[in-house]
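Per-entry structural report
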Amino acid sequence: MQRLASLDVYRGIVMFLLGLRLLELDEVALHFPNSSVWQFIGFHSSHVPWVGCSLNDLIHPSFAFLTGASLVFSVSSRASKGDSRFKMTLHALWRSVALIFLGIFLRSQTREMTNWTFEETLTQTGLGYMAVFALAFAGPKWRWSCFAGLLLLHWLIYVLHPVMPPHANPVDWNIPEGWSHDVEGFYAHWNHNRNAGWTFDLWLLNLFPRPSPYVGYLGGYATINFISTIATMILGLMAVTWLKGPEMTMKRLSVAGLICLSVSLAMHFGGVCPIVKHLWTPSWVFWSGGCCFLVLAALFQIVDVKQHRRWAWLFIVIGMNSLAFYVMRHTFDLWLAETLEIHLGKRYLMMLGSEMETIMTGVPSLLFILLVIVWMDRRKLYLRL
């Protein structure tokens, strides 16, 4: 099957946006409260507190969407090489386990001991990988049935869990100080660290050795997010299945994207469930999935149909080695910042003022990772699982 360069470009853009987090532009924006430009940059460089969506919030769902999309090519490639279904299943199982433990490893950086947590991007992908792999061999009816069933299951888990009153001491349960983003009524089923996902993690994560008991994740994420994350991966699976058909067109992707956005808004404003990325609610699946469909449609038209690729060279390089970029981004960040301060001194960091210190460390750090990725590409070195 012919490789779609648009997938590599999309993956590269997602990883580049993740790399921009090294600059901590949202922290810089706090120093310029009267600047509409900086406030716009700050908003889209960080996660929304709870309900809603920013550009930064679309990184994880894009990763999940592209994982499902890539499975189509992975299965086709291995089948063309003569791999049996059993051999492919063993490889998928290895990839699933490797992603889970790689995510745990990355979350354990700078910790006193292994941080057993399952909300990290790679871990969530690994938890749902085998289910999506199985669906790669299924027809559209099975895929869409599983998609609907997963969203209904995730919704019911939260709805059937009783609404909990506010904690007497919210900070003790890892709720940010001054938190004011809880919702009332039916949507209270999805409040921060007072929901079904949080209750499940209170049981699950305290089964593992920890320096102190688990009381909640500051960001409000939950292990069972992987249930609806599978649904996002199914959307990616369907997207590339359409694109590899006899009529490779962006029209179906565009229509699917608009439908998903409409369904999401109907669910959010119709009282079904709020758009909350932190809990990967069904309405979030439709919202983020709609955005992914539209982005892929645009990139497919520009990169694969019109063959305009020169502008995307760097993104293609990053996208072809996205796992290496991801791991370096999460393991080199502190080391690079400390190294810059050691060798260039505080005067360099304050060159543009204390407000820009994170930019002065973030830009060289990002450039270093990009240079390594380009070097690996020149030597055909790619990190694969």
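For the structure, see preceding data.
In this report, we go over the structure that sits alongside the text. Note that the structure is a prediction, hence the values are computed from the model and not measured. (Residues numbered from 1 in each chain as written. Predicted model: local features only at pLDDT ≥ 70, side-chain atom pairs only at ≥ 80, totals over all residues. Heavy atoms only, no water.)

This paragraph deals with empty space enclosed by the protein. The rolling of a water-molecule-sized probe over the atoms marks out the regions of remaining empty space. As enumerated under the stated definition, the model contains three cavities of 30 Å³ or more in all. By volume, the largest cavity is sized at about 50 Å³. Lining the largest cavity are Leu 71, Ser 74, Val 75, Arg 78, Met 88, His 91, Ala 92, Arg 95, Tyr 129 and Phe 133. Those elements that provide at least two residues to the lining of the largest cavity are α4 (59–80), α5 (85–107) and α6 (121–135). Tallied by class, the residues present in the lining of the largest cavity amount to six nonpolar, two polar and two charged. (1 Å grid on protein atoms, 1.4 Å probe; cavity = no way out; pocket = protein on both sides within 12 Å on 5 of 7 lines; lining within 4 Å. Points joined across faces, edges and corners; volume = space filled by probe spheres on them. Helix = DSSP H or I, 4+ residues; strand = E, 2+ residues; numbered from the N terminus. Nonpolar A, V, L, I, M, F, W, Y, C, P; charged D, E, K, R; others polar.)

Turning our eyes to something else, we now look at the packing of α4 against α5. Remark: α4 packs on α5, axes separated minimally by 11 Å, with the N-to-C direction vectors making an angle of 140 degrees. By the angle between their directions, the pair α4 and α5 is classed as oblique. With respect to the hand of their crossing, α4 and α5 are arranged in right-handed fashion. Taken together, the residues of α5 that come into contact with α4 (itself represented by Ser 74, Val 75, Arg 78 and Ala 79) are Met 88, His 91 and Arg 95. Tallied by class, residues from the contact of α4 with α5 come to three nonpolar, two polar and two charged. (Axes fitted to C-alpha atoms, helices over the stretch in contact; angles between N-to-C directions. Parallel < 35°, antiparallel > 145°, perpendicular 65-115°, else oblique. Left-handed = near helix turned anticlockwise from the far one by under 90°. Contact = heavy atoms within 4.5 Å.)

Turning our attention to the environment of Ser 70. Positionally, Ser 70 belongs in helix α4. Take Ser 70: its relative accessible area is 23%, and that puts it in the partly exposed class. Taking the C-alpha atoms as reference points, Ser 70 and Leu 237, 167 residues apart in sequence, are found 7.6 Å from one another. (Buried < 20%, exposed > 50% of the residue type's maximum accessible area, 1.4 Å probe, protein only.)

The next subject is helix α14 (residues 333–349). Compared with the 24 Å implied by 1.5 Å per residue over 17 residues, the 16 Å span of α14 between its first and last C-alpha is markedly short. The largest bend along α14 reaches roughly 85 degrees and is located at His 343. On its buried side, α14 packs onto α15 (357–378). (Expected span 1.5 Å × (residues − 1). Bend = angle between axes of the 7 residues up to and from the residue.)

A complete count under the given rule lists 26 aromatic pairs for this structure. Aromatic pair Phe 63 and Tyr 326: ring centres 5.9 Å apart, planes at 45 degrees, arrangement tilted. Pair noted here: Phe 63 is in helix α4 and Tyr 326 is in helix α13 (residues 322–331), with a separation of 263 residues, a long-range link. Here the aromatic residues Phe 65, Trp 144, Phe 147, Trp 242, Phe 286 and Phe 293 are joined through ring pairs into a cluster of three or more. Sitting above the plane of the Phe 137 ring, Arg 85 keeps its charged end 3.9 Å from the centroid. (Phe/Tyr/Trp six-rings, centres within 6.5 Å; stacked < 30°, edge-to-face > 60°. Lys NZ or Arg CZ within 6 Å of the ring centre and 35° of its normal.)

Of note, Thr 110 is a non-glycine position whose phi angle comes to about 65 degrees, a positive value. Structurally, Thr 110 is set in the loop between α5 and α6. Residues other than glycine seldom take positive phi values, yet Trp 280 does so here, at roughly 50 degrees. If you trace the backbone, Trp 280 turns up in the loop between α10 (251–269) and α11 (282–305). Look at Trp 280 and you get buried, because its relative accessible area is 1%.

This part takes up the layout of surface pockets. Considering only enclosed or pocket space, the second largest pocket measures out at about 890 Å³ in volume. Together, 31 residues line the second largest pocket, and Arg 11, Ser 70, Ser 74, Arg 95 and Arg 384 are the ones closest to its centre. When residues of the lining of the second largest pocket are traced back to their parent elements, those giving at least two are α1 (5–20), α4, α5, α6, α12 (313–320) and α13. It is α4 that provides the largest number of residues to the lining of the second largest pocket, a total of 10 residues. Looking at the lining of the second largest pocket, its residues break down into 14 nonpolar, 10 polar and seven charged.

With that settled, the discussion passes to a nonpolar patch on the surface. Taken together, the side chains of Leu 93, Val 97 and Phe 101 make up a nonpolar region of the molecular surface, amounting to roughly 260 Å² of accessible area. Take Phe 101: it is sitting in helix α5. In this structure Phe 101 comes out as partly exposed when scored by relative accessible area, which is 47%. (Patch = residues over 30% accessible without salt bridge, like charges linked within 9 Å, V, L, I, M, F, W, Y side chains within 5 Å. Areas by Shrake-Rupley, 256 points an atom, 1.4 Å probe, with all protein chains shown as cover. Salt bridge = Lys/Arg side-chain N within 4 Å of Asp/Glu carboxyl O.)

Over its 22 residues, α15 runs 32 Å from end to end, which matches the ideal 32 Å to within 8%, given 1.5 Å per residue. Positive phi shows up at Lys 380, right after α15, with a value of about 55 degrees.

Quick look at the side chain of Ser 365 now. Relative to the helices and strands, Ser 365 resides in helix α15. Of the residues examined, Ser 365 reaches a relative accessible area of 4% and is grouped as buried. Those residues in contact with Ser 365, other than ones at most four positions away along the chain, are Leu 22, Leu 336, Ala 337 and Leu 340.

Before going further, it helps to spend a moment on the packing of α4 against α6. Where α4 meets α6, the axes come as close as 11 Å, and the angle between the chain directions of the two elements is 40 degrees. The element α4 and its partner α6 pack so that their crossing is right-handed. Within the contact between the two elements, α4 uses His 60, Phe 63, Thr 67, Gly 68, Leu 71 and Val 75 and α6 uses Thr 121, Leu 122, Gln 124, Thr 125, Tyr 129, Val 132 and Phe 133. Along the lines of polarity and charge, the residues of the contact of α4 with α6 split into seven nonpolar, six polar and no charged.

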